[in-house]
Structures are given as C-alpha cells and as structure tokens.
Amino acid sequence: MKIAVQREPFGIDAELDALSRGNAAVGAMAAFVGLVRDQNDGAAIGQMTLEHYPGMTEKAIAAIVEEARGRWEIIDCTVIHRIGELRPADRIVLVAVASAHRGDAFAACEFIMDYLKTRAPFWKKEVTPQGARWVEARDSDDRAAERWR
Amino acid sequence: MKVKLLFFAGLREQLGIAGEAAELPAGVATLRDLRAHLAARGPQWQAAFGDGRLLRAAVNQSMASPETAIAPDDEIAFFPPVTGG
C-alpha cells in the first residue's frame, strides 16, 4: 500500500505499473485521477494552492484505505495527493486499486475517493480574476460519502 | 488544563494565527465547550467560532464531534469542511 502527500507531480503509468508488478493475482486495476479545472463556480481559475494538516493527512487516508479493505477484496492500493501550488490541468490526486476482479476495484476506488473528499484534511484556495478565495465544501460530496454507510 | 490548538485554511487566515498553546479553564470538557470558550474571547473569535460558522475539528489527528472529550496535552485542530480531492 502506498500513501503519499507530495508537492511533486506523479506519473500515472509508473504508479499503475508499480501497483501490479510481480503480482499475478491482480486481475483488475481501477484508477481515479482528479485534475485542476480552469473554471469553478463561474470564475476562471488561474492557480490553486492546496493546504493540508501535516501528520493527520496520512493517517486519515490510511484509515479510509483500511475501511475499504474491510469491505472489498483489495490486493494493493495507491493514494497520492498533491499539495502546494497547482495550475489548471495539473493532476491533484490519484487513487488506484488492484484486485482480483473489477467489481472490488471499481467500488473500492470510488469509496476511497468519496471518503477522501469529506474526511482527509485538505483545503483548496483558488486564484480568480476577482482575487483569491477558499473553495467551499459541497453538499454533494457529503451525500456521496453518505451512500456508503 | 493545557492543550495545543491548531487552525487551518480560512480559519487560520481569519484569526491571523496557525495555533497556540492554551490554558483552558475548568468546565471546558468537550469540543463543544471549547468552541464556546473560544467564541467568547472577542468579536473576531465570535465571528470565527460562533454558531453560524460551519467548522470541523480533530482531536489528536482524528476527526472528532462536538461531544468528543478533551484531555490534557491534546492536540486540537479546528478547520472549515475539507475540500481536497
């Protein structure tokens, strides 16, 4: 299992290769990649800063992955979340799950992402032509996480 | 009792500090009590911690609820709802 909170970009190919390499029990991998959009709530986004809670962030993600492991057959998984300055089209987050079969991989990947959105201590601040502003949490994210209860 | 307070994101900017070592009076036993205690510090704190403000909290780096009990030397963080991913 790999959990990383980092400033540096990540490569999708390399991460997916590493997730299945040397393990022929893996029959399916599902991956989600979140990117910075150039628009949000009607404003053009020039840049974004991601703040986090050092120390808690990694623990919170590990707890989410543990919960996923209790629900689905997961062989291995990778979660990478970037922090610091990001620009439109930059990748923010990668959640990749390796399982024997696709059902577990798809479900666990979506679950981890939904929980990460509501439980991992990250905050986005975006720069628009009108100035910088903190991104507001969305009710739809809470509802997405509630589905798994 | 002594605790360590941390503030993140918009809350940190609003207060102008990232955290502090705080001495809490007797009677502050839960996160709800602590929030009310902080809100009573003055207008700026009332704006940051008053009932109208949607905040989350963590105790010792685990998400917590208003009923969560506070113990000496706890690390207590307050922050707006998270927006990562």
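Here the structure is a predicted model, which means the values were calculated and not measured.

1. Focus on the overall build of chain A
Next, step 1: Secondary structure summary: chain A contains four helices and ten strands in total.
Next, step 2: When the helices and strands of chain A are placed in sequence order, the string is β-α-β-β-β-β-α-β-β-β-α-β-β-α.
Next, step 3: Against the globule reference of 15 Å for 149 residues, chain A gives a C-alpha radius of gyration of 16 Å, in line with a compact fold.
Next, step 4: C-alpha atoms of chain A, sized along the principal axes, occupy 50 × 35 × 30 Å.
Next, step 5: Of all 149 residues assigned to chain A, the portion counted as buried reaches 46%.
Next, step 6: Accessible area for chain A stands at about 7,500 Å²; split by element, carbon and sulfur atoms hold 48% of it.
Next, step 7: If you average the places of the 20 positive and of the 23 negative side-chain charges in chain A, the two averages end up 1 Å apart.

2. A few points about helix α3 (residues 102–119) of chain A
Next, step 1: For α3 of chain A, spanning 18 residues, the distance from its first C-alpha to its last is 25 Å, which sits close to the expected 26 Å at 1.5 Å a residue.
Next, step 2: Taken as a whole, α3 of chain A has its buried residues at Ala105, Ala107, Ala108, Cys109, Phe111, Ile112, Met113, Asp114, Tyr115, Leu116 and Thr118 of chain A.
Next, step 3: Each element contacted by the buried residues of α3 of chain A is listed here: β2 (28–35), α2 (56–71), β6 (76–82), β8 (91–99) and α4 (139–146) of chain A together with β4 (62–64) of chain B.

3. A closer look at the sheet that holds β6 of chain A
Residues and elements named next belong to chain A.
Next, step 1: Pairing within the open sheet is mixed, and its four strands lie in the order β1-β6-β8-β2. The two strands at the open ends of the sheet, each matched to only one other strand, are β1 (2–6) and β2. Averaged over all adjacent pairs, the angle separating strand axes in this sheet is 5 degrees, with direction ignored.

4. Details of the sheet that holds strand β1 (residues 2–7) of chain B
Residues and elements named next belong to chain B.
Next, step 1: The five strands lie next to each other as β2-β1-β5-β3-β4, forming an open sheet whose pairing is mixed. Of all the strands in the sheet, just β2 (19–23) and β4 have a single pairing partner and so form its edges. On average, adjacent strands in this sheet sit at an angle of 30 degrees to one another, irrespective of strand direction.
Next, step 2: Two elements, strand β3 (residues 56–59) and β4, share three bridges in a ladder whose sense is antiparallel.

Conventions and cut-offs
- Residues numbered from 1 in each chain as written.
- Chains lettered and ligands numbered in written order.
- Predicted model: local features only at pLDDT ≥ 70, side-chain atom pairs only at ≥ 80, totals over all residues.
- Heavy atoms only, no water.
- Helix = DSSP H or I, 4+ residues; strand = E, 2+ residues; numbered from the N terminus.
- Rg over C-alpha atoms; globule rule 2.2 N^0.38 Å.
- Buried < 20%, exposed > 50% of the residue type's maximum accessible area, 1.4 Å probe, protein only.
- Areas by Shrake-Rupley, 256 points an atom, 1.4 Å probe, with all protein chains shown as cover.
- Lys, Arg positive; Asp, Glu negative; His and termini not counted.
- Charge placed at Lys NZ, Arg CZ, Asp CG, Glu CD.
- Expected span 1.5 Å × (residues − 1).
- Contact = heavy atoms within 4.5 Å.
- Pairing = 2+ DSSP bridges.
- Axes fitted to C-alpha atoms, helices over the stretch in contact; angles between N-to-C directions.

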